[in-house]
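The primary structure of each chain is shown beneath.
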Amino acid sequence: MAVYLDNSATTRPCREAVEAVRVMLEENYGNPSSLHGAGIEAAKALIKARQSIADKLGCEKDEIYFTSGGTEANNLALFGAARANGRRGNRIVTTAIEHESVIQSIDELEKEGFETVRLEPDRYGNITAAQLEEAVNKQTVLISVMYINNEVGSVLPVDKIRKICERAGAPALIHTDCVQAFGKVDVRPKKLGADLVTVTAHKIHGPKGCGALYVRKGVRILPRTFGGEQEKRLRPGTEASPLIAGFGAAADALPDLKEQSEKISALNAYARASLSKIDGVAFNSGESASPYILNLYVPTFMRSQTVIQELSANYGIYVSSGSACAKGKRSHVLTAMRLGGETVDKSIRVSFSRFSTMDDVDALCAALTEITKKYPRN
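Just so we're clear, the structure is a prediction, and the values are computed from it rather than from any experiment. (Residues numbered from 1 in each chain as written. Predicted model: local features only at pLDDT ≥ 70, side-chain atom pairs only at ≥ 80, totals over all residues. Heavy atoms only, no water.)

Caption draft 1: Quick peek at the nonpolar core. Counting residues in hydrophobic clusters, the biggest one holds 57 residues, and the most contacted among them are Leu57, Ile64, Phe66 and Phe247. Sorting the residues of this core by element identifies α2 (37-57), β2 (64-67), α5 (129-135), α6 (161-168), β7 (196-200), β8 (211-215), α8 (241-252) and α11 (332-336) as the ones contributing at least two each. For this core, the element with the highest residue contribution is α2, accounting for five residues. Ignoring sequence-local partners within four residues, the contact set of Ile64 consists of Arg50, Ile53, Ala54, Leu57, Cys59, Ala212, Leu213, Tyr214 and Glu231. Counting 30 residues, the second-largest nonpolar core is a separate cluster that includes Ile264, Ala271, Leu311 and Ile348. (Core = buried A, V, L, I, M, F, W, Y, C linked by side-chain atoms within 4.5 Å. Buried < 20%, exposed > 50% of the residue type's maximum accessible area, 1.4 Å probe, protein only. Helix = DSSP H or I, 4+ residues; strand = E, 2+ residues; numbered from the N terminus. Contact = heavy atoms within 4.5 Å.)

Written out as structure tokens, the structure reads:
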């Protein structure tokens, strides 16, 4: 049986989510916008799913807007907020370690005349509140900082941003990408002080192709697409009701987060202790990082992509070298952390879920031990 340790890329759908998708595909397949009985039943399923996501975020269901995933939600948040708020200033504050969907969106906004401050991380991917304090001024109209980094697991001080804005007199809208946080820690937009929050289904054992953007009531952002009344015209188009229902079911199936976190923390500690026995292994994830993500340097002459292929083909073990969206490109996160070329090129990411076990870790450690002996570093 394969050992799956790439849960930051995607998770195995839980039975509840799969069943919810099946019901919507085979039985409750009406268009939610249709006014007949089948449409009304489909619309009820969407209302239920929207309420499920809202309950987990501690917000009102009318503050949840469904999208095709985290990338679209990030794009909608950034372009929508910057263009709606652009007359009040032109500065955007973000970090150098955001997901590509944030980085590339802000690259495009720069072409429209926005000034961007990209905060650089330390050796373990951390960004400090002091860095944010220095970057935010009265011209800042948008701040986008992820909650948990998807490659090294560093936890960023998103809960400090609201007060920083208030002290600076900044009119900024605050966006946080919570794709790697939702379903792992308690994500409450109001508690974080966030105006916009991105979450997605396939990181919490739901289906791919469905995400959501929380938009705080009273906040105005501009749409990116046009042509319908769905999602209050902010994200028009026929709703992907099977995927949305699966998202809601996955949210409902989330276990107690405190108990789950304790289990994953123990698994992470076990992995660190076991992997440390391999001569030359070094961890890029700090001790304060999310326990769900462990990024490490593998001492071999092979680049990370070759190590990943070796683990997959000969051991049935699945890990990654970073964000799946990067398609094998050199990690911009590890590069921003100034780890050096060899470390950047020879590091892998191990990521856990509630279905991960110590046997999975044992298999990984045994495989990496063999690989580093068979293909030693030059």
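Caption draft 2: Region of interest: the packing of helix α9 (residues 257-275) against helix α13 (residues 358-374). In the contact formed by α9 and α13, the axes pass within 10 Å of each other and the chain directions differ by 20 degrees. When the interaxial angle is binned, α9 and α13 end up roughly parallel. The hand of the α9/α13 crossing is right-handed. Of the residues in α13, those touching α9 at Leu267, Tyr270, Ala271, Ser274 and Leu275 are Met358, Val361, Asp362, Cys365 and Leu368. Of the residues assigned to the contact of α9 with α13, the class counts are eight nonpolar, one polar and one charged. (Axes fitted to C-alpha atoms, helices over the stretch in contact; angles between N-to-C directions. Parallel < 35°, antiparallel > 145°, perpendicular 65-115°, else oblique. Left-handed = near helix turned anticlockwise from the far one by under 90°. Nonpolar A, V, L, I, M, F, W, Y, C, P; charged D, E, K, R; others polar.)

Caption draft 3: Region of the structure containing the packing of aromatic side chains. Counted under the stated rule, the structure contains two aromatic pairs. Seen in terms of ring centroids, Phe66 and Phe247 are 6.4 Å apart; in terms of plane orientation they differ by 65 degrees. Their pairing is edge-to-face. Note that Phe66 is positioned in strand β2 and Phe247 in helix α8, a separation of 181 residues in sequence. There is no split in this pair, since Phe66 and Phe247 are both buried. Their ring planes at 80 degrees and their centres at 5.8 Å tell us that Phe301 and Tyr375 sit as a pair that is edge-to-face. Of this pair, Phe301 sits in the loop between β10 (293-297) and α10 (304-315) while Tyr375 is found in the segment after α13, placing the two residues 74 residues apart along the sequence. The ring of Phe355 has Arg12 lying over it, and the distance from NZ or CZ to the ring centre is 4.3 Å. One residue, Arg224, lies across the ring of Phe79, its end atom 3.9 Å from the ring centre. (Phe/Tyr/Trp six-rings, centres within 6.5 Å; stacked < 30°, edge-to-face > 60°. Lys NZ or Arg CZ within 6 Å of the ring centre and 35° of its normal.)

Caption draft 4: Spotlight on the pairing of β10. Most of β10 sits out of view: five of its five residues are buried. What you see with β10 is no split at all: Ile293, Asn295 and Tyr297 on one side and Leu294 and Leu296 on the other are buried throughout. Bridging between strand β9 (residues 282-283) and β10 involves two bridges; their strand directions are antiparallel. Its bridge partner being in β10, Ala282 is matched across the sheet by Tyr297. As defined by bridge partners, β10 adjoins strand β12 (residues 347-351) across five bridges and the pair is classed as antiparallel. Among the inter-strand pairings, Leu294 is bridged to a residue of β12, identified as Val350. (Pairing = 2+ DSSP bridges.)

Caption draft 5: Inspection of the environment of Ala367 at higher detail. Note on placement: Ala367 falls in helix α13. For Ala367, a relative accessible area of 1% gives the class buried. Along the sequence, Ala367 and Ala54 sit 313 residues apart, while their C-alpha atoms lie 42 Å from each other. Every residue in contact with Ala367, bar those within four places of it in the chain, is listed here: Leu311, Tyr315 and Ile317.

Caption draft 6: Quick look at the side chain of Thr198. On the secondary structure map, Thr198 appears in strand β7. Side-chain polar atoms of Thr198 contact the side chain of Asn74, separated by 2.7 Å. A polar contact is formed between the side chain of Thr198 and the side chain of His175, at a distance of 3.0 Å. (Polar contact = N/O pair within 3.5 Å; in protein donor to acceptor, adjacent residues only side chain to side chain.)

Caption draft 7: Expanded view of the packing of α2 against α8. Interhelical geometry of α2 versus α8 gives an angle of 40 degrees and a closest axis separation of 8 Å. Relative to α8, the crossing made by α2 is left-handed. Residues Leu46, Lys48, Ala49, Ser52, Ile53 and Lys56 of α2 form the contact with α8, whose own contacting residues are Ser241, Ile244, Ala245, Phe247, Gly248, Ala251 and Asp252. For the contact of α2 with α8, the class distribution of residues is seven nonpolar, three polar and three charged.

Caption draft 8: Fine view of empty space enclosed by the protein. Throughout the structure, instances matching the rule amount to one cavity of 30 Å³ or more. Around the largest cavity, the lining is made up of 13 residues, and of these Gly183, Lys184, Lys203, His205 and Gln260 lie nearest the centre. Among the residues forming the lining of the largest cavity, the class breakdown is four nonpolar, six polar and three charged. (1 Å grid on protein atoms, 1.4 Å probe; cavity = no way out; pocket = protein on both sides within 12 Å on 5 of 7 lines; lining within 4 Å. Points joined across faces, edges and corners; volume = space filled by probe spheres on them.)

Caption draft 9: How the structure looks around the sheet that holds β8. With mixed pairing, seven strands are arranged side by side in an open sheet as β2-β8-β7-β6-β5-β3-β4. Looking at the sheet topology across the chains shown, the edges are occupied by β2 and β4 (115-119). Within the sheet, the average angular offset between the axes of one strand and its neighbour, ignoring direction, is 20 degrees. Lying on the sheet, helix α4 (residues 100-111) is in contact with β3 (91-95), β4, β5 (140-144) and β6 (173-177); it crosses β4 at an angle near 150 degrees.

Caption draft 10: Up close: unusual backbone geometry. At Glu231, a residue that is not glycine, the phi angle is positive and equals roughly 50 degrees. Among the secondary structure elements, Glu231 is positioned in the loop between β8 and α8. Among the residues examined, Glu231 registers a relative accessible area of 7% and is labelled buried. Phi angles above zero are rare outside glycine, and Arg338 is one such case at about 55 degrees.

Function cannot be inferred from these measures alone, as they are strictly geometric.
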